[in-house]
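Reading the structure
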Amino acid sequence: MSWPATLSYPDRVLQQLRTCLASVKTLRLTIDGSTRFVTFFSGLRQLILSFLQGMDDPRLTSIAETLYVRGLGSIMISHVSCTPSELASLLRRHRASLRRIVLYGINFPGEDDNAWVDLLGMIGRDMMIQYLRLEGCLASRRQVSFSNGSNLSWNAP
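To keep things clear, this report deals only with the structure shown in the data block. Sequence order as written defines the numbering, with residues in each chain counted from 1. Owing to the predicted nature of the model, reporting of local features is limited to residues with pLDDT of at least 70; listing and counting of side-chain atom pairs is limited to 80 or more, with chain, interface and lining totals taken over all residues. Calculation of side-chain values draws on the structure's entire complement of heavy atoms; hydrogens and water are dropped beforehand.

1. What to know about the overall build of the chain
Basically, it comes down to this: Starting at the N terminus, helices and strands are each numbered in turn, a helix being any DSSP run of H or I of at least four residues and a strand any DSSP run of E of at least two. Any two residues having at least one pair of non-hydrogen atoms within 4.5 Å are treated as being in contact. Note on areas: these come from Shrake-Rupley sampling with a 1.4 Å probe, and a residue is covered only by the protein chains present in the view.
Looking only at helices and strands, one finds four helices and seven strands in the chain. Secondary structure elements in the chain, listed N-terminal to C-terminal, are α-β-β-α-β-α-β-α-β-β-β. Considering only contacts within the chain whose residues lie at least 6 apart along the sequence, 56% involve residues at least 24 apart. Entry remark: accessible area of the chain is about 8800 Å², with carbon and sulfur atoms responsible for 50%.

2. Notes on the side chain of Ser50
Selection rule: Buried, partly exposed and exposed residues are distinguished by accessible area as a fraction of the type maximum, computed with a 1.4 Å probe on protein chains only: under 20%, between the cut-offs, and over 50%, respectively. Any pair of N or O atoms that falls within 3.5 Å is considered a polar contact. Within protein, one atom must be able to donate a hydrogen and the other to accept it, and sequence-neighbouring residues count only if both atoms are side-chain atoms.
With respect to the element layout, Ser50 can be found in strand 2 (residues 46–51). On the basis of relative accessibility, which here comes to 11%, the residue Ser50 falls in the buried class. Looking at Ser50, its side chain comes within polar contact range of the side chain of Ser78, at 3.3 Å.

3. What to know about the nonpolar core
Test applied: Definition of nonpolar core: a set of buried residues of the types Ala, Val, Leu, Ile, Met, Phe, Trp, Tyr and Cys, connected through side-chain atoms within 4.5 Å.
Membership of the largest hydrophobic core comes to 36 residues, with the highest contact counts inside it found for Ile77, Leu87, Ile106 and Trp116. Taken together, the elements giving at least two residues each to this core come down to strand 2, helix 2 (61–66), strand 3 (74–81), helix 3 (84–93), strand 4 (100–108), helix 4 (114–126), strand 5 (131–139) and strand 6 (142–147). Per element, the largest residue contribution to this core is six residues, and it comes from helix 4.

4. Side note on helix 4
Within an α-helix, residues lying three or four positions from one another point in the same direction, as the helix has 3.6 residues per turn. Basically, it comes down to this: To estimate the expected span of a helix, subtract one from its residue number and multiply by 1.5 Å. The arc under discussion is defined with respect to the helix axis, by the directions toward the C-beta atoms.
Relative to the 18 Å expected for 13 residues at 1.5 Å per residue, helix 4 spans 18 Å between its end C-alpha atoms, a close match to the ideal helical length. Turning to helix 4, its buried residues number three or more, namely Ala115, Trp116, Leu119, Leu120, Met122 and Ile123. For helix 4, the angular spread of the buried residues around the axis is 155°, confining them to a single face. Exposed residues on helix 4 whose side chains face more than 90 degrees from its buried face are Asp118, Gly124 and Arg125.

5. Looking at the packing of aromatic side chains
Quick note on the threshold: Aromatic rings from Phe, Tyr and Trp, taking only the six-membered ring of Trp, are treated as a pair when their centres fall within 6.5 Å; an angle between ring planes under 30 degrees marks them as stacked, one over 60 as edge-to-face, and anything in between as tilted.
One pass over the full model with this rule turns up one aromatic pair. Ring centres 4.2 Å apart and planes at 15° place the aromatic pair Phe108 and Trp116 in the stacked group. For the pair formed by Phe108 and Trp116, the shared burial category is buried.

6. Quick look at helix 3
What helix 3 keeps buried is the set Pro84, Glu86, Leu87, Ala88, Leu90 and Leu91. At its buried positions, helix 3 is contacted by helix 2, strand 3, strand 4 and helix 4.

7. Observations regarding the environment of Gly136
Secondary-structure assignment places Gly136 in strand 5. On a C-alpha basis, the gap between Gly136 and Ile106 in space is 7.2 Å, while along the polypeptide they are 30 residues apart. Among all residues touching Gly136, those that are not within four sequence positions of it are Gly105, Ile106, Gln143, Val144 and Ser145.

So yeah, pure geometry; function would need other evidence.
As structure tokens, this is what we get:
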């Protein structure tokens, strides 16, 4: 990926900036647009994607299709509507390194309760997750909660 055309700095300045970005280990983003620049953080190990709650139907679609951070060990995603396959795609892409997943306020609009059961099954089968937590997630307008060592619970909103 090349640097955006809007950055017109001397090569030595851009190289210094790349070096600084490569040393970042944790990044917290509030999403209201593209996340393509995340790939500049080559040393990133923890990513927190927090979508703006006031956005009209925030979607994970473009991020799920493109985001890959080599060596990412921990991801937290909050306040987004998406499909189970979009979320599964993003998680699977990082399965070699991802060990911690926290999902908060994720909504699967139009999906039944089995969508979460299927996603959790995929995580258990295909990934080597050490910590998993779901809180305030929705399917069929019911909240889903789960944390390592506890049962999956369903509550009316």
